[in-house]
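Structural characterization, general
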Amino acid sequence: MYVSARSDYALRAMLAVAAAEPDGGGGGGDLVKAASLAEVQEIPLSFLQGILLDLRRAGLLLSHRGTEGGYALTRAPDEITVGDVLRAVGGSLTTVRGLPAERAGYHGVAAGLTDVWLAVHGAIATVVDRTTLADLLTRR
């Protein structure tokens, strides 16, 4: 599994939004501005804006426009997993030559590699789908 800057930034942004929500998430807490997220997490604002758009489209963030606007989680931090965030910004968790692990085809002596890549994918999915934003926030 390769963790791209985009995936890393997305997780950091989601954690910062989650930390700003004293009520546990679900859109009822404080709104966090993109510029504030970019500054605190040291993420280029123009890059972050595209990431926030993907997270909103995936149903993980709510956005509110205007001078009092910003971003909030759509669900509580204990209901959003690392896997949810990674899939929202990067698609498949594991790729082989740019394809999802399940589409990597082999023949002949290399045929067993498909099973290896699927096992790797399953192990990664198990970890990221069990780890929530709340879990990560309690580790600080």
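Throughout what follows, the structure given in this document is the object of discussion.

1. Digging into the nonpolar core
Among the nonpolar cores identified, the biggest contains 33 residues, and Met14, Leu52, Leu55, Leu61, Leu73 and Val85 are the most heavily contacted of them. Of all the secondary structure elements, the ones that give two or more residues to this core are α1 (5-19), α2 (34-41), α3 (45-57), β2 (70-73), α4 (82-90), α5 (113-130) and α6 (133-138). No other element matches the eight residues that α1 contributes to this core. In contact with Leu61, not counting residues within four places along its chain, are Met14, Val17, Leu52, Leu55, Arg56, Tyr71, Ala72, Leu73 and Thr74.

2. What about the pairing of strand β1 (residues 61-64)?
The sheet contact formed by β1 and β2 spans four bridges and is antiparallel. Note on β2: the bridge partner recorded for Ser63 is Tyr71. Count of turn residues in the β1/β2 antiparallel hairpin: five residues, of which Gly66 carries a positive phi of about 100°.

3. Describing the pattern of salt bridges
Counted under the stated rule, the structure contains four salt bridges. Where Asp54 meets Arg6, a salt bridge forms, and the shortest distance between an N and an O atom there is 2.2 Å. On the criterion of sequence distance, the pair formed by Asp54 in helix α3 and Arg6 in helix α1 is long-range, its members being 48 residues apart. Between Asp8 and Arg12 there is a salt bridge, with its nearest N and O atoms 3.0 Å apart. With Asp8 and Arg12 both in helix α1 and four residues apart, the pair spans about one turn of that helix.

4. A short note on unusual backbone geometry
Non-glycine residue Glu42 carries a positive phi angle of around 55°. Relative to the assigned elements, Glu42 resides in the loop between α2 and α3. A relative accessible area of 68% places Glu42 in the exposed class. Even without being a glycine, Arg97 presents a positive backbone phi close to 55°. You can see Arg97 is positioned in the loop between β3 (95-96) and β4 (99-100).

5. Quick notes on the packing of aromatic side chains
Within a pair of aromatic rings, the relevant descriptors are the distance that separates the centres and the angle that separates the planes. In the structure shown here, the tally under the stated rule is one aromatic pair. Aromatic pair Tyr9 and Phe47: ring centres 5.5 Å apart, planes at 80°, arrangement edge-to-face. Residue Tyr9 is found in helix α1, and its partner Phe47 is found in helix α3; the two are separated by 38 residues along the sequence.

6. Description of a nonpolar patch on the surface
Residues Leu113, Val116 and Val120 make up a contiguous nonpolar surface patch of about 190 Å² in total accessible area. In this structure, Val120 sits in helix α5. For Val120, a relative accessible area of 33% gives the class partly exposed.

7. Quick look at the packing of α4 against α5
Where α4 contacts α5, the two axes come as close as 5 Å, and the packing angle between them is 115°. Viewed along their axes, α4 and α5 adopt a mutual orientation that is roughly perpendicular. Here Val82, Gly83, Leu86 and Arg87 of α4 come into contact with α5, specifically with Ala125, Val128 and Asp129. Considering only residue class, the contact of α4 with α5 consists of four nonpolar, one polar and two charged.

Conventions and cut-offs
- Residues numbered from 1 in each chain as written.
- Predicted model: local features only at pLDDT ≥ 70, side-chain atom pairs only at ≥ 80, totals over all residues.
- Heavy atoms only, no water.
- Core = buried A, V, L, I, M, F, W, Y, C linked by side-chain atoms within 4.5 Å.
- Buried < 20%, exposed > 50% of the residue type's maximum accessible area, 1.4 Å probe, protein only.
- Helix = DSSP H or I, 4+ residues; strand = E, 2+ residues; numbered from the N terminus.
- Contact = heavy atoms within 4.5 Å.
- Pairing = 2+ DSSP bridges.
- Salt bridge = Lys/Arg side-chain N within 4 Å of Asp/Glu carboxyl O.
- Phe/Tyr/Trp six-rings, centres within 6.5 Å; stacked < 30°, edge-to-face > 60°.
- Patch = residues over 30% accessible without salt bridge, like charges linked within 9 Å, V, L, I, M, F, W, Y side chains within 5 Å.
- Areas by Shrake-Rupley, 256 points an atom, 1.4 Å probe, with all protein chains shown as cover.
- Axes fitted to C-alpha atoms, helices over the stretch in contact; angles between N-to-C directions.
- Parallel < 35°, antiparallel > 145°, perpendicular 65-115°, else oblique.
- Nonpolar A, V, L, I, M, F, W, Y, C, P; charged D, E, K, R; others polar.

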